[in-house]
Amino acid sequence: MDTSAKPTCRLVKPGATYDGKQGLSYFAGIAAETVGAQGICMHILTIPPGARAKAHLHENHETAIYMLSGRADTWYGERLENHVVVSAGELFYIPAGVPHLPANSSDEPATAIIARTDPNEQESVVLLPELDRLVKI
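Please read these numbers as outputs of a predicted model, since none were measured by experiment. (Residues numbered from 1 in each chain as written. Predicted model: local features only at pLDDT ≥ 70, side-chain atom pairs only at ≥ 80, totals over all residues. Heavy atoms only, no water.)

### What to know about the overall build of the protein chain
This is how the line gets drawn: Helical segments are the DSSP runs of H or I of at least four residues, strand segments are the runs of E of at least two, and each set is numbered from the N terminus. Radius of gyration: C-alpha atoms only; globule rule: 2.2 Å multiplied by the number of residues to the exponent 0.38. Any pair of residues with heavy atoms lying within 4.5 Å of one another is described as a contacting pair. In short, Shrake-Rupley with a 1.4 Å probe defines the accessible areas, and a residue's cover is counted only from the protein chains shown. Neither His nor the chain termini are counted; the positive set is Lys and Arg, and the negative set is Asp and Glu. By convention, charge coordinates are those of NZ in Lys, CZ in Arg, CG in Asp, or CD in Glu.
Within the protein chain, the secondary structure is distributed over two helices and eleven strands. Start at the N end of the protein chain and walk to the C end: the helices and strands fall as β-β-α-β-β-β-β-β-β-β-β-β-α. Scaling as 2.2 N^0.38, a compact globule of 137 residues should have a C-alpha radius of gyration of about 14 Å, and the protein chain matches this with 15 Å. Taken along the three principal axes of its C-alpha coordinates, the protein chain extends 55 × 30 × 25 Å. If you take every contact in the protein chain between residues at least 6 apart in sequence, the share linking residues at least 24 apart comes to 71%. Per element, the accessible surface of the protein chain, about 7600 Å² overall, is 56% carbon and sulfur. Here the protein chain contributes 11 positive and 16 negative side-chain charges, whose respective centroids are spaced 3 Å apart.

Here it is as structure tokens:
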């Protein structure tokens, strides 16, 4: 057996960033691209004050969010008709296929750890430009 192909533990030190299709910059974390993950992606996102993502969904993948600091507004639903504020210390779950749009309407940065069942950083992101105009911050 070739031991070089055997999966092993990996340490990832956030530092490198990538620009997501959603319009925000993410700290690269655990993903297929960084460690060869096959079933999960986890990264850190800081939304600057006044910034917002583009409306999007993750087609076949669930998302779990833990808000480290600050707070973020999230609109979700077929027409972004639902709204929740996720504050530091809270967790938020987004089922697969649910349109959503996070934003930071505060004057402080909002930082979260985001985990998704898609091991690829951006593969399952589907932009929904027709919903962007429905949210004003």
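Back to the write-up after that little detour.
### A short note on the sheet that holds strand β3 (residues 41–47)
Test applied: For two strands to be treated as a pair, DSSP must find at least two bridges joining them. Between N-to-C directions, angles cover 0 to 180 degrees, with each direction set by a line fitted to C-alpha atoms, over the stretch in contact for helices.
Ordered in space as β1-β2-β3-β10-β5-β8, the six strands form an open sheet in which the pairing is antiparallel. In this open sheet, the two edge strands, each paired with only one partner strand, are β1 (17–19) and β8 (91–94). Within the sheet, the average angular offset between the axes of one strand and its neighbour, ignoring direction, is 30°. Examined bridge by bridge, β1 and strand β2 (residues 25–30) share three bridges and lie antiparallel to one another. Residue pairing for β2: Thr17 is matched across the bridge by Phe27.

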